[in-house]
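# Residue-level structure breakdown
Here is how the chains run, residue by residue.
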Amino acid sequence: MNPRRVAAVARKEFLHVFRDPRALAMGLAIPLLLLVLFGYALTLDVDNVPLVIADYDGTPASRELIAGFAGSRYFRVTGMVYSPREIDRRLTAGEALLALEIPAGFARDLARRQAVVQAIVDGSDANTATFALNYAEGVVRAAGAALTLPAAAGGSGNRPLLDVRARLWFNPALSTRTFIVPGLIAIILSVIAALLTSLTVAREWETGTMEQLLSTPLTRGELIVGKFAPYFVIGAVDAAVSVAMGVGLFAVPMLGSWLSLTAVITVFLIGALGMGLWISAAARSQLVANQIALLVTFLPAFLLSGFAFDIASMPLPLRVLTHLVPARYLVALLRGIFLKGVGPELLVRDMALLVAFALLMTVLAVRACRTKLAA
């Protein structure tokens with residue numbers, strides 16, 4: 001491999017990028033926009049759920065339960081209601097998402113350990129309704145732990161109805177952003193890397209300069225490395241900025257090794273860029289190559305990588321299909337490094353699969369970029 005010929009091809013690609021504002025924007029501005037937009041907008045947290053309360057008991061015990069909801073950041077008490085008809089009107093009008101009914105005799109039933117309250121949820125938005133119901137159950141359990149009953153005969157003092165002590169690891173605040181951002185970095189790198197290189201070889205065919213390149217002494221390896229180098233630099237800059245924003249702007253903890261993080265991102269970038277070159281060489285059309293790259297990167301990475309949807313909850317055929325999505329392994333690696341501080345001993349399997357992906361894409365790209373017109 002001749003370094004001078006590789007440098008010449010790389011210089012030519014750098015000039016293409018800097019002379020094309022669209023390509024430069026795609027390479028640098030879009031990742032930042034996606035990170036900020038998704039980092040702030042894409043959240044599974046449900047806060048300030050509008051709540052109405054029907055207290056048919058009116059006792060200190062029921063008021064203590066109401067205080068638990070009023071003091072929770074997940075709920076916003078919008079008013080008290082006094083009939084099922086009023087509950088129906090509030091939910092139908094969208095003035096409340098959840099209604100809490102405390103029946104008459106609540107305090108009496110609580111003393112008998114038979115107390116029941118009813119939560120009526122607007123289920124038109126299934127995801128939000130599920131979270132709201134879970135939060136409501138949590139508030140009721142917390143209130144139940146705080147409420148006390150008179151001690152049994154012969155005992156002394158009061159005893160709690162329930163005492164639950166939970167300890168959360170890796171994401172103590174249960175912040176969706178802490179969970180989302182590392183995976184979001186993987187999605188951005190998957191899409192941007194493939195899209196950048198998907199236009200390179202196709203552009204040469206469309207502008208008629210590929211024949212000139214093929215008539216030179218360039219080998220396949222030199223052509224690939226020369227076209228690969230500028231976009232690897234851009235991808236590395238995107239990765240560095242994304243990680244810096246994740247840690248600095250979104251306060252995602254970085255508990256693992258920076259060396260491990262660099263190695264993982266480097267290997268994945270090689271594979272993703274190789275995939276884009278392969279698609280570009282095979283399609284020979286910038287439009288077709290762009291559409292194919294978007295189809296095979298964004299949708300699988302977003303839906304099947306575990307970024308937003310739990311893989312274990314998917315049907316068996318889809319769970320099997322996820323093993324073919326490289327972003328799945330990058331998401332797992334980034335979350336492990338960022339949030340759990342896992343070491344190399346736990347990264348071996350996923351890292352080996354990323355290495356295999358990078359090698360496969362490189363080989364396919366080299367084979368697709370023919371160096372002879374007759375080949």
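Further up the page is the structure itself.
These notes cover the structure that comes with them. (Residues numbered from 1 in each chain as written. Predicted model: local features only at pLDDT ≥ 70, side-chain atom pairs only at ≥ 80, totals over all residues. Heavy atoms only, no water.)

## Here we look at the pattern of salt bridges
Enumeration over the complete set of coordinates arrives at six salt bridges. The residue Glu86 makes a salt bridge to Arg90 at a minimum N-O spacing of 3.1 Å. Here Glu86 and its partner Arg90 are both found in helix 4 (residues 84-92), four residues apart, which amounts to about one turn of the helix. Its relative accessible area of 22% is what places Glu86 among the partly exposed residues. Between Glu95 and Arg89 there is a salt bridge, with its nearest N and O atoms 3.6 Å apart. By relative accessible area, Glu95 is classed as partly exposed at 36%. A network of salt bridges, in which partner residues are shared, links Glu86, Arg89, Arg90 and Glu95. (Salt bridge = Lys/Arg side-chain N within 4 Å of Asp/Glu carboxyl O. Helix = DSSP H or I, 4+ residues; strand = E, 2+ residues; numbered from the N terminus. Buried < 20%, exposed > 50% of the residue type's maximum accessible area, 1.4 Å probe, protein only.)

## Overview of the pairing of strand 2 (residues 75-80)
Sheet analysis places strand 1 (residues 49-55) next to strand 2, joined by five bridges and oriented parallel. Paired with Val49 across the two strands is Phe75, which belongs to strand 2. (Pairing = 2+ DSSP bridges.)

## Brief notes about a nonpolar patch on the surface
Together, Leu287, Val288, Ile292, Leu295, Val296, Leu299, Leu303 and Phe309 make up a nonpolar patch on the protein surface, roughly 680 Å² of accessible area in all. Looking at the secondary structure, you find Val288 in helix 12 (residues 286-304). Among the residues examined, Val288 registers a relative accessible area of 36% and is labelled partly exposed. (Patch = residues over 30% accessible without salt bridge, like charges linked within 9 Å, V, L, I, M, F, W, Y side chains within 5 Å. Areas by Shrake-Rupley, 256 points an atom, 1.4 Å probe, with all protein chains shown as cover.)

## Focus on the packing of helix 7 (residues 176-197) against helix 10 (residues 220-248)
Put simply, helix 7 and helix 10 touch, their axes get as near as 10 Å, and they point 160° apart. One way to sum up the angle between helix 7 and helix 10 is to call them roughly antiparallel. The crossing of helix 7 and helix 10 is right-handed. Each of Val181, Ile185, Leu189, Ile192, Leu196 and Thr197 in helix 7 lies in contact with helix 10, whose residues at this interface are Tyr231, Ile234, Gly235, Asp238, Ala239, Ser242, Val243 and Gly246. Residue composition of the contact of helix 7 with helix 10, by class: nine nonpolar, four polar and one charged. (Axes fitted to C-alpha atoms, helices over the stretch in contact; angles between N-to-C directions. Parallel < 35°, antiparallel > 145°, perpendicular 65-115°, else oblique. Left-handed = near helix turned anticlockwise from the far one by under 90°. Contact = heavy atoms within 4.5 Å. Nonpolar A, V, L, I, M, F, W, Y, C, P; charged D, E, K, R; others polar.)

## Describing the sheet that holds strand 3 (residues 98-102)
Strand order across the open sheet formed by four strands is 2-1-3-4, with mixed pairing between neighbours. In this open sheet, the two edge strands, each paired with only one partner strand, are strand 2 and strand 4 (118-121). Sheet twist, expressed as the average angle between the axes of neighbouring strands with direction ignored, equals 25°. Looking at chain direction, strand 3 and strand 4 are connected through four bridges and run antiparallel. Its bridge partner being in strand 4, Ala99 is matched across the sheet by Ile120. Sheet strands touched by helix 3 (residues 60-70): strand 1, strand 2 and strand 3. Its angle to strand 1, the strand with the most contacts, is close to 175°. Lying over the sheet, helix 4 contacts strand 1, strand 2, strand 3 and strand 4, oriented at roughly 165° with respect to strand 3.

## Examining unusual backbone geometry
Excluding glycine, residues mostly carry a negative phi; peptide bonds, for their part, are mostly trans. One non-glycine residue, Ala251, lies in positive phi territory at about 60°. Locating Ala251 in the fold gives a position in the loop between helix 10 and helix 11 (258-283). The exposure class of Ala251 is exposed, given its relative accessible area of 56%.

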